[in-house]
Amino acid sequence: PLAGTGRCVPGSPPLARPRTPARPIDNRPLIAQALHGLALVDALDGRLDAARDRLDEAAGIVLVDRSVTAATYCLEVMAVMAEARGDLEEAARLIGAARGARRRLAIPEWTAAADLVEPTVQAIRAALPTDSGDAAFESDAHSDVLAVFDAGVRRHAEAAAGDAT
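Since this is a predicted model, take the numbers as computed values, not measurements.

## Here we look at a nonpolar patch on the surface
Taken together, Val41, Leu44 and Leu116 make up a surface patch of nonpolar side chains, about 210 Å² in accessible area. By the secondary structure assignment, Leu116 is in helix α5 (residues 111-127).

Below is the structure:
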């Protein structure tokens, strides 16, 4: 579509540089969600210490700003980390709380994030008996997501402290 403009055509000169320098983002929920994405990739790649650091930074923003949207995505990172620790019921509960809140509050689900979390969901479902797995996924699906998030942050910190010893 840009071929008629002389831009983005092979061999054409680069686009002009912006006139103003880049500014830092001043949108804390967006920053928390970006940190969530980075933490999720770290956790899925097995870099749990890096994921923990990014999640801690995102959690600090969520706890201050009380961003429900960012909280739902951070809960999924906590779930991936819980599954990596072998705490499958906790992981299922956190995913259930995140997804339940998004359904209730009509918060859009990022397809890319959902696709990254889905293997964790499948691993949990495969490992837990059907009844207890379903119950775990639904146990906090109707809870106050920020209360679940607050409790998840505490358990996340306890797990990190346990890993450090």
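## With respect to the side chain of Thr120
Topologically, Thr120 is positioned in helix α5. The contacts of Thr120, once residues within four sequence positions are left out, are Leu44, Ala79, Val80, Glu83 and Ile95.

## As for helix α2 (residues 48-65)
Because each turn of an α-helix spans 3.6 residues, side chains separated by three or four positions end up pointing in the same direction. Between the first and last C-alpha of α2 there are 25 Å, a value that for 18 residues agrees with the 26 Å anticipated at 1.5 Å per step. Here α2 has its buried residues at Ala51, Arg52, Leu55, Ala58, Ala59, Ile61 and Val62. Positive phi appears at Arg66, one or two residues downstream of α2, with a value of about 55°.

## Topic: the pattern of salt bridges
Side chains bearing opposite charge may pair, as long as their charged atoms lie close to each other. A full pass over the atoms with the stated rule returns 15 salt bridges. Notably, a salt bridge pairs Glu109 with Arg99, separated by 3.8 Å at the nearest N-O pair. Taken as a pair, Glu109 in the loop between α4 (88-105) and α5 and Arg99 in helix α4 lie far apart in primary sequence, 10 residues in all. Given the relative accessible area of 40%, Glu109 is considered partly exposed.

What counts as what
- Residues numbered from 1 in each chain as written.
- Predicted model: local features only at pLDDT ≥ 70, side-chain atom pairs only at ≥ 80, totals over all residues.
- Heavy atoms only, no water.
- Patch = residues over 30% accessible without salt bridge, like charges linked within 9 Å, V, L, I, M, F, W, Y side chains within 5 Å.
- Areas by Shrake-Rupley, 256 points an atom, 1.4 Å probe, with all protein chains shown as cover.
- Salt bridge = Lys/Arg side-chain N within 4 Å of Asp/Glu carboxyl O.
- Helix = DSSP H or I, 4+ residues; strand = E, 2+ residues; numbered from the N terminus.
- Contact = heavy atoms within 4.5 Å.
- Expected span 1.5 Å × (residues − 1).
- Buried < 20%, exposed > 50% of the residue type's maximum accessible area, 1.4 Å probe, protein only.

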